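Observations on the three-dimensional arrangement
Single-letter residue listing:
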Amino acid sequence: QVQLVESGGGLVQPGGSLRLSCAASTFTFSDYNMGWYRQGPGKEREWVAAISGDGRYSIYPDSVEGRFTISRDNAKNMATLQMNNLKVDDTAMYYCNARWDWNWISAHGTWGQGTQVTVAS
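Below or above, wherever it landed, is the structure these notes cover. (Residues numbered from 1 in each chain as written. Predicted model: local features only at pLDDT ≥ 70, side-chain atom pairs only at ≥ 80, totals over all residues. Heavy atoms only, no water.)

Considerations on the overall build of the protein chain
In terms of helices and strands, the protein chain carries 0 helices and 11 strands. In the protein chain, the succession of α and β elements from N to C terminus is β-β-β-β-β-β-β-β-β-β-β. Against the globule reference of 14 Å for 121 residues, the protein chain gives a C-alpha radius of gyration of 13 Å, in line with a compact fold. By the burial criterion, 46% of the 121 residues in the protein chain qualify as buried. For the protein chain, restricting intrachain contacts to residue pairs at least 6 apart in sequence, the fraction spanning at least 24 positions comes to 56%. Element-wise, carbon and sulfur atoms account for 50% of the exposed surface of the protein chain, whose accessible area totals about 6,400 Å². (Helix = DSSP H or I, 4+ residues; strand = E, 2+ residues; numbered from the N terminus. Rg over C-alpha atoms; globule rule 2.2 N^0.38 Å. Buried < 20%, exposed > 50% of the residue type's maximum accessible area, 1.4 Å probe, protein only. Contact = heavy atoms within 4.5 Å. Areas by Shrake-Rupley, 256 points an atom, 1.4 Å probe, with all protein chains shown as cover.)

With respect to the nonpolar core
Within the largest apolar cluster, 28 residues are counted, with the highest numbers of intra-cluster contacts made by L4, L20, M34, W36, L81, M83 and Y94. Among the elements of the structure, strand 3 (18–25), strand 4 (33–39), strand 5 (46–51), strand 7 (68–73), strand 8 (78–83), strand 9 (92–99) and strand 11 (115–119) are those that each provide at least two residues to this core. (Core = buried A, V, L, I, M, F, W, Y, C linked by side-chain atoms within 4.5 Å.)

Some points on the packing of aromatic side chains
Inspection of every chain in the model, using the stated rule, returns 5 aromatic pairs. Residues Y32 and W100 carry aromatic rings whose centres are separated by 6.3 Å and whose planes lie at 45 degrees to one another, so their mutual orientation is tilted. Here Y32, found in the loop between strand 3 and strand 4, pairs with W100, found in the loop between strand 9 and strand 10 (110–111); they are 68 residues apart in sequence, far enough to count as distant. Classification of Y32 as buried rests on a relative accessible area of 11%. For the ring pair W102 and W104, a centre distance of 5.6 Å and an interplane angle of 80 degrees mean the geometry is edge-to-face. A relative accessible area of 35% places W102 in the partly exposed class. Looking at W104, the relative accessible area reads 5%, which means it is buried. A connected cluster of aromatic rings, assembled from ring pairs, spans Y37, Y95, W102, W104 and W111. For R45, the ring lying beneath its charged end belongs to W111, and the centroid distance is 4.6 Å. The ring of F29 is capped by R72, whose NZ or CZ atom sits 4.4 Å from the centre of that ring. (Phe/Tyr/Trp six-rings, centres within 6.5 Å; stacked < 30°, edge-to-face > 60°. Lys NZ or Arg CZ within 6 Å of the ring centre and 35° of its normal.)

Side note on the pattern of salt bridges
Counting across every chain of the model gives 5 salt bridges. A salt bridge links R99 to D101; its shortest N-O distance comes to 3.5 Å. By sharing partners, the salt bridges in this structure join R38, E46, R67 and D90 into a single network. (Salt bridge = Lys/Arg side-chain N within 4 Å of Asp/Glu carboxyl O.)

Here we look at the pairing of strand 3
Going residue by residue along strand 3, you find L18, L20, C22 and A24 tucked away on one face and R19, S21, A23 and S25 left uncovered on the opposite face. Of the strand pairs in this sheet, strand 1 (residues 3–7) and strand 3 are connected by 5 bridges, and their pairing is antiparallel. Looking at strand 3, one finds that S7 is bridged to S21. In terms of strand pairing, strand 3 meets strand 8 through 6 bridges, oriented antiparallel. Across the sheet, the residue bridging to C22 is A79, located in strand 8. (Pairing = 2+ DSSP bridges.)

Here's what the structure looks like:
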């Protein structure tokens, strides 16, 4: 059983940047594919990034492609989400996710508690 804790959320102006971190408590961190989801006010949960267990493959939806970058450091049991050129519509609770499969349209696996990102001028 893996446990996940997000951090790094906060208030940022449009066009600004923010880095989210996800600390994992597990002896087999590299066995898990890692991803990030978000849920804004009045919106459905949305997948925003994923990275393979070995860190070689990363994918993003069109809504964040070119602005968000997911990475991981398996030696530190850490996954990160670098968010640049933030928009007001990026405002949401951001959740870290760990799983064994690569089916990111399916919201399953292990979740962190979430960290709030607010983009406002």
